[in-house]
Amino acid sequence: MREIYLSDNSGNRSAPTPESSDPKQTQTAQQLTNASADTDTTATVSAGKKYRFTSLATGGFYLGLADVTTAGNVRWVCPLYHSIELKIPIGSTTLHYATNANNGVGYLVELN
């Protein structure tokens, strides 16, 4: 029997789709909101951990490890009603995010 798995660009194992990823059993979800489009906002994350982010209301999100109002700092993009997986590098504990529309809402869930 062979095991087949997917990996991200850094070689970390990854679920076939973000929706099927394995969340931690403890309460780890954070609601990320952004009242004004193109405004850098931050959330606290754990270094070295993997997360699933789902955009649920009003617009898409762009996320990074520094101020995302500077295009070069954007590392991940999540369109409205989609989910993505992101891995926070060792040494980083702040996730920066912004939306392309007012009143954006999304959820960030830590994965196993």
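Criteria and cut-off values
Residues numbered from 1 in each chain as written. Predicted model: local features only at pLDDT ≥ 70, side-chain atom pairs only at ≥ 80, totals over all residues. Heavy atoms only, no water. Pairing = 2+ DSSP bridges. Helix = DSSP H or I, 4+ residues; strand = E, 2+ residues; numbered from the N terminus. Axes fitted to C-alpha atoms, helices over the stretch in contact; angles between N-to-C directions. Phe/Tyr/Trp six-rings, centres within 6.5 Å; stacked < 30°, edge-to-face > 60°. Buried < 20%, exposed > 50% of the residue type's maximum accessible area, 1.4 Å probe, protein only.

S.K.: Can you tell me about the sheet that holds strand β3 (residues 30-34), naming the residues and giving the values?
M.R.: An order of β3-β10-β5-β8 is seen for the four strands of this open sheet, with the pairing classed as antiparallel. Both outer strands of the open sheet, β3 and β8 (83-87), are each paired with one neighbouring strand and no more. When the angles between neighbouring strand axes are averaged without regard to direction, this sheet yields 25°. Examined bridge by bridge, strand β5 (residues 50-57) and β8 share five bridges and lie antiparallel to one another. Counted as the bridge partner of Thr54 is Ser83 from β8.

S.K.: Mind laying out the packing of aromatic side chains, listing which residues take part and the relevant values?
M.R.: For the structure on display, the rule yields two aromatic pairs. Plain terms: the ring middles of Phe53 and Phe61 are 4.8 Å apart, the flat faces sit at 65° to each other, and that makes the pair edge-to-face. For the residue pair Phe53 and Phe61, the accessibility class agrees, reading buried in each case. On the basis of an interplanar angle of 35° and a centroid distance of 5.9 Å, the ring pair of Phe61 and Tyr97 is categorised as tilted. Of this pair, Phe61 sits in strand β6 (residues 61-64) while Tyr97 is found in strand β9 (residues 94-99), placing the two residues 36 residues apart along the sequence. According to the relative accessible area criterion, Phe61 is buried, its value standing at 0%.

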